[in-house]
Amino acid sequence: MHDPIDDSFSIYGEQVTSRLLIGSALYPSPAIMADSIKASGAQVVTVSLRRQQNAAAGDDFWQLIKDTGLKILPNTAGCHSVKEAVTLAQMCREVFATDWIKLELIGDEYNLQPDPFALLEATKILMDDGFKVLPYCTDDLVLCQRLADVGCEVLMPWGAPIGTGKGLLNQYNLKTIRERLPELTLIVDAGLGLPSHACQALELGYDGVLLNSAIAGAGCPVTMSHAFKAAVDAGRFAYKAKAMPEKDVAAPSTPTMGMPFWHQT
Amino acid sequence: MSYNIAVVGFGLTGRLAALELSLAHNVTVYEADDAQALSSAGRVAAAMLAPLAESVLCEQDLALMGLDSISRWPGILAQLDDTVFFQQQGTLVVAHQQDRGDLQSFTERLKPLANHHAQQLSGAHISELEPELSGRFNQGVYLPCEGQIDNQAFYQASFKTLKARGVKFNFGENINCQQLQQSHDYIIDCRGLGAKSAQCKLRGVRGEVIRLHTPEVNLTRPVRLMHPRYPLYIAPKPNHEYVVGATEIESQDNGPATVRSTLELLSAVYTVHSGFAEARIINIQTGLRPAFSDNRPQVKHQGNVISINGLYRHGYLLAPSLVAEAVSLIK
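Everything numeric here is computed off the predicted structure, so don't read it as measured data. Counting restarts for each chain, with residues numbered from 1 along the sequence as it is written. Starting at A for chains and at 1 for ligands, labels are handed out in the order in which the entities are written. In keeping with the model being predicted, local features are shown solely for residues with a pLDDT of at least 70 and side-chain atom pairs are shown and tallied solely at 80 or more, while totals for entire chains, interfaces and linings include all residues.

Here we come to the overall build of chain A. Within chain A, the secondary structure is distributed over nine helices and ten strands. For chain A, with 265 residues in total, the buried portion stands at 44%. Within chain A, counting contacts between residues at least 6 apart in sequence, those at least 24 apart form 64% of the total. Here a helix means four or more residues in a row that DSSP labels H or I, a strand means two or more in a row labelled E, and each is numbered from the N terminus. We call a residue exposed when 12 or fewer other C-beta atoms sit within 10 Å of its C-beta, buried when the count reaches 20 or more, and partly exposed for counts in between; the C-beta positions come from the backbone. Whether two residues are in contact is decided by their C-beta atoms, placed from the backbone, lying within 7 Å.

Now for the overall build of chain B. Broken down by element type, chain B carries ten helices and 17 strands. A compact globule built from 331 residues should have a C-alpha radius of gyration of about 20 Å, and chain B, at 20 Å, falls within 12% of that. Each of the three principal axes of chain B carries a C-alpha extent, and together these read 65 × 40 × 40 Å. Across the 331 residues in chain B, those meeting the buried criterion constitute 49%. In this setup the radius of gyration rests on C-alpha atoms only. A globule is expected at 2.2 Å times the number of residues raised to 0.38.

Turning to the sheet that holds strand β8 (residues 147–149) of chain B, a few remarks are in order. Residues and elements named next belong to chain B. Read from one edge to the other, the open sheet built from three strands follows the order β3-β8-β4, with strand pairing classed as antiparallel. Here the strands that pair on one side only, and so sit at the sheet edges, are β3 (48–49) and β4 (86–87). The pairing criterion is simple: DSSP has to find at least two bridges between the two strands. Taken together, the two bridges between β4 and β8 define a ladder with antiparallel strand orientation. When the bridges of β8 are listed, F86 appears paired with I149.

Residues and elements named next belong to chain B. Angles shown run from 0 to 180 degrees and are taken between the N-to-C directions of axes, each axis being a line fitted to C-alpha atoms and, for helices, limited to the stretch in contact. With their axes 7 Å apart at the nearest point, helix α4 (residues 60–78) and helix α10 (residues 315–328) run at an angle of 85 degrees to one another. Classified by the angle between their axes, α4 and α10 sit roughly perpendicular to one another. Together, L62, M65, G66, D68, S69, R72, W73 and I76 of α4 and L317, L318, A319, P320, S321 and A324 of α10 make up the contact between the two elements. Each residue is assigned to one class: nonpolar for Ala, Val, Leu, Ile, Met, Phe, Trp, Tyr, Cys and Pro, charged for Asp, Glu, Lys and Arg, and polar for all the others, Gly among them. Looking at the contact of α4 with α10, its residues break down into nine nonpolar, three polar and two charged. Throughout, the term roughly parallel applies to angles under 35 degrees, roughly antiparallel to angles over 145, roughly perpendicular to angles from 65 to 115, and oblique to all others.

A word on the pairing of strand β8 (residues 154–157) of chain A. Side-chain direction in a regular strand flips from residue to residue, so the side chains alternate between the two faces of the sheet. Residue and element names in this part refer to chain A. Here β8 shows two buried faces, one formed by V154 and M156 and the other by L155 and P157. Taken together, the two bridges between strand β7 (residues 132–137) and β8 define a ladder with parallel strand orientation. Counted as the bridge partner of Y136 is M156 from β8. Strand direction decides the pairing type here: β8 and strand β9 (residues 185–189), joined by two bridges, are parallel. In the strand pairing of β9, L155 is matched with L186. Note on handedness: a clockwise path from strand one over the helix to strand two, with the strands aimed away from the viewer, defines a right-handed crossover. Taken together, β8, helix α6 (residues 171–180) and β9 constitute a β-α-β crossover, and its handedness is right-handed.

Residue and element names in this part refer to chain B. Here the residue pair G245 and A246 is connected by a cis peptide bond, since its omega of -10 degrees sits within 30 degrees of zero. Structurally, A246 is set in the loop between β14 (241–245) and α9 (259–272). The backbone of A37 sits at a positive phi, close to 45 degrees, despite the residue not being glycine. Within the fold, A37 resides in the loop between β2 (26–31) and α2 (41–44).

Here the focus is the sheet that holds β2 of chain B. Two orientations exist for strands paired in a sheet by backbone hydrogen bonds: parallel and antiparallel. All names here are of chain B. The strand order across the open sheet formed by six strands is β9-β2-β1-β10-β17-β16, and the pairing between neighbours is mixed. Across the chains shown, the open sheet's two edge strands, defined by having one partner strand only, are β9 (168–171) and β16 (298–302). When strand polarity is set aside, the average angle formed by the axes of neighbouring strands in this sheet is 15 degrees. In this structure, strand β1 (residues 4–8) lies alongside strand β10 (residues 186–189), joined through four bridges in parallel fashion.

Moving on, we come to helix α3 (residues 82–96) of chain A. All names here are of chain A. Multiplying 1.5 Å by the residue count of a helix minus one yields the expected span of that helix. Along its 15 residues, α3 runs 21 Å from first to last C-alpha, staying within 8% of the 21 Å computed at 1.5 Å per residue. The complete set of buried residues in α3 reads V82, A85, V86, L88, A89 and C92. Buried residues of α3, seen end-on, are gathered within an arc of 165 degrees and therefore sit on one face of the element. Turned more than 90 degrees off the buried face of α3, the exposed positions are K83 and E94. Along its buried surface, α3 packs onto β5 (71–75), β6 (100–103) and α4 (116–128). A positive backbone phi angle near 50 degrees is found at A97, which sits one or two residues after α3. Directions pointing from the helix axis toward each C-beta atom define the arc.

Turning our attention to the nonpolar core. It is characteristic of soluble globular proteins that their nonpolar side chains tend to be buried jointly. With 97 residues, the main nonpolar core has V7, A17 and I188 of chain B as its most contacted residues. The greatest single-element share of this core, amounting to eight residues, is contributed by α10 of chain B. Not counting residues up to four positions away in its chain, the partners in contact with A17 of chain B are V7, I188, C190, V323, A326 and V327 of chain B. Grouped together as the second largest cluster of nonpolar side chains are 74 residues, I11, V44, A89 and Y206 of chain A included. Working definition: the nonpolar core is a set of buried Ala, Val, Leu, Ile, Met, Phe, Trp, Tyr and Cys residues, joined through C-beta atoms within 7 Å.

All names here are of chain B. Look at helix α1 (residues 12–21) against α10: their axes get within 9 Å of each other, and the N-to-C directions meet at 40 degrees. Considering their axes alone, α1 and α10 lie oblique with respect to each other. Between α1 and α10 the crossing geometry is right-handed. Contacts between α1 and α10 involve L12, T13, L16, A17, E20 and L21 from the first element and G315, Y316, A319, P320, L322, V323, A326 and V327 from the second. Here the contact of α1 with α10 is composed, by residue class, of eleven nonpolar, two polar and one charged. Should the near helix be turned anticlockwise from the far one by less than a right angle, the crossing is left-handed, and should it be turned clockwise, the crossing is right-handed.

Confidence along chain B averages 92 in pLDDT terms, with 99% of residues attaining 70 or more. For this predicted complex, the interface score ipTM comes out at 0.71, alongside a pTM of 0.80. Residue-level confidence of the predictor is what pLDDT reports, using numbers from 0 through 100.

What follows covers the pairing of β16 of chain B. Residue and element names in this part refer to chain B. With five bridges connecting them, β16 and strand β17 (residues 305–309) associate as antiparallel partners. Across the sheet, residue Q302 finds its bridge partner in β17, namely V305. Remark: two residues form the turn of the hairpin made by β16 and β17, two consecutive strands paired antiparallel; G303 in that turn has positive phi of roughly 60 degrees.

Residue and element names in this part refer to chain A. Topologically, V47 is positioned in strand β4 (residues 44–48). Among the residues examined, V47 registers 24 C-beta atoms within 10 Å and is labelled buried. Sequence-distant contacts of V47, defined by excluding residues within four places in its chain, comprise S24, I65, I72 and P74.

So this is what it looks like as structure tokens:
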């Protein structure tokens, strides 16, 4: 039996026990953000440097994030070119004193789909520069394989486009990536709306989920944060417990009294 | 009984406090900036009075305070020697087809405010309210209790009236409230972000606002457009001026507006009405909204210092009620 308490996964060698990674944007207030992050039990919080103009100007907001005591995962949200993303990653490394970077490179302005070609190129550059890259990618197996080839230990395929809340649009693809890349840490990033979506990702064997809008955009973010925490735990337990096989024919779970057992189907 | 009262900070709350207090007391105003108070958040704001729309993101008590404030504005403006534009003809909320999910969730989250209810609108209803938007939007929401004022006119008119009442002014002086405690019976601290060192939890939230002029567009009331990141308003002011705002960025940077923000605001305004294509850009301003971590305002009373701060994005919406609360603390 697995001990559910002793269950961690690795982000480039660093052991993380909470399988819910949380974003820091779009909350109704910083106080609600802090309470939501606390309720989520997350150990990793993503932050964006992009719209802070300069580091000192965002000091107060950063202080609130630092006060959470969580491991910071800076992201390159809003970048559209390799050069932009690489420069921003380098700035993030300076400002946050971490070599982790969630690499986000947008290819389409409307659905904010990652640009797979630029992503691979930027990942190579940053890995060579000593970064530990967590690429936000589409659920394309070959792209994931190529990202693994350049040294990524963590991949973050999308569930659905950012902020849509649609859940896991292509479970088959996500399942395939999990099966074909068993050694990698896989996190579903973006597109989740409901705790059940997070639960499904964990049931598929994903190591975690990263989300922001699903909590920040909920009517009551703190309560939704509790819900996601429970859902992630449920999904992880289910994955470790190994689900019963799905069948097409009903099978009674209780023997019927008064019928010879060989007549029971 | 008449007191000697210092009002520190001559932004929106400082002006309202001085107007109220100068009716019965000797008031002296201290402002670190000049009479223009260009760094004041209230000067940059779109000056929307939108309790229903804001109820989506703030607590109900604040939205109700907003309703109370709206009822106070006409009385405040009636004291002024010059006329200041005030309007309460509601807000029209619209969304582009692909953002209709945002409009639906916005509508679902409107909080009940007394007997003020949002009204769902079809495309035909939108045309009736704002004929120039005919055919552009298929659905919308009308928030009848909402309004707006002309903040630039209010800044000028309030200064003029206060001068006429004999209020004394000290501009360009960085005043510490403690220094004034001996010489005044009461100090009303309205410094906004200027009080940051004293109230360490205060932070600035950057906002960028664009003022346009165009005779080609005739909107009669504020129009709010659903946007994934900001509550975006087009507020028609007198003389064919339109205030478009505002971005909301967690940053204390008070530097000029960025290209990204400007493009976002202007492309949004153009998608609402193509007549804005030929509008003149009068100015693009940046301001910092003073906010506490819960984004709620605070009125505090310590000794003879009464402070009003943290109005965040709700300056015009909440200031009249908060100033009334602060003034009631003066015995």
